[in-house]
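# Commentary on secondary and tertiary structure
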Amino acid sequence: QVQLVESGGGLVQAGGSLRLSCIASGRTFHNYAMGWFRQAPGKERETVAAINWSGATTYYADSVKGRFTISRDNAKNTVTLQMNSLKSEDTAVYYCAARVYASISNAPGAYGSWGQGTQVTVSS
């Protein structure tokens, strides 16, 4: 298990940007694929973006392609989600998660370790 802590959420106007960060504990961060997920009130948790162990392979939900960028720094045990051109429909609690396998997955159930979440609110 790896411990995850997200930061960087907040309130932003539509069209603005936010940068979410997730820091992981432990010395085996490079063994994990990582993902960002979000859950809006009354809706199911959905995958936003995912990245494999090396950063060479990424996945994005159609709704965020071209606006969000996922990246990782294995030396710093961090994964980042840069969110640009934010829309009101991006409002949700955003979660960072780790998958014990190095390969990418876009299924929330494939991730075993989760952070506590950070709120992102986009005002229109």
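The shown structure was predicted, so the numbers you read here are calculated from the model rather than taken from an experiment.

### Quick notes on the pairing of strand 4 (residues 33-39)
Along strand 4, six of the seven residues are buried, which leaves the element largely enclosed by surrounding structure. Hairpin remark: strand 4 followed by strand 5 (residues 46-51), antiparallel, with six residues in the connecting loop; positive phi at G42, about 80°.

### Considering the sheet that holds strand 3 (residues 18-24)
Sheet strands line up and pair through hydrogen bonds in the backbone, either parallel or antiparallel. Spatial ordering of the open sheet is given by 1-3-8-7, a layout of four strands whose pairing is antiparallel. At either end of the open sheet lies a strand with only one pairing partner, and these are strand 1 (4-7) and strand 7 (68-73). Pairwise comparison of adjacent strand axes, ignoring direction, gives a mean angle of 15° for this sheet.

### With respect to the state of the cysteines
Disulfide: a covalent bond formed between the sulfur atoms of two cysteine residues. Counted under the stated rule, the structure contains one disulfide. Across the disulfide from C22 sits C96; the S-S distance is 2.1 Å. Taking the torsion about the sulfur-sulfur bond, which here is approximately -75°, the covalent link between C22 and C96 counts as left-handed. With C22 in strand 3 and C96 in strand 9 (residues 92-99), the pair connects residues that are 74 residues apart, well separated along the chain. Comparing C22 with C96 shows no difference in burial state: the two are buried.

### Side note on the pattern of salt bridges
By the definition in use, this model includes four salt bridges. E46 serves as the salt-bridge partner of R38, at 2.6 Å between the closest nitrogen and oxygen. Overall, R38 belongs to the buried group, its relative accessible area being 5%. E46 sits in the partly exposed class, given a relative accessible area of 34%.

### Thoughts on the environment of V64
Inspection of the secondary structure assignment puts V64 in the loop between strand 6 (58-60) and strand 7. C-alpha separation for the pair V64 and W114, spaced 50 residues apart in sequence, amounts to 21 Å. Leaving out residues up to four positions away in the same chain, V64 has contacts with R38 and V48.

Parameters and conventions
- Residues numbered from 1 in each chain as written.
- Predicted model: local features only at pLDDT ≥ 70, side-chain atom pairs only at ≥ 80, totals over all residues.
- Heavy atoms only, no water.
- Buried < 20%, exposed > 50% of the residue type's maximum accessible area, 1.4 Å probe, protein only.
- Helix = DSSP H or I, 4+ residues; strand = E, 2+ residues; numbered from the N terminus.
- Pairing = 2+ DSSP bridges.
- Axes fitted to C-alpha atoms, helices over the stretch in contact; angles between N-to-C directions.
- Disulfide = S-S within 2.5 Å.
- Salt bridge = Lys/Arg side-chain N within 4 Å of Asp/Glu carboxyl O.
- Contact = heavy atoms within 4.5 Å.

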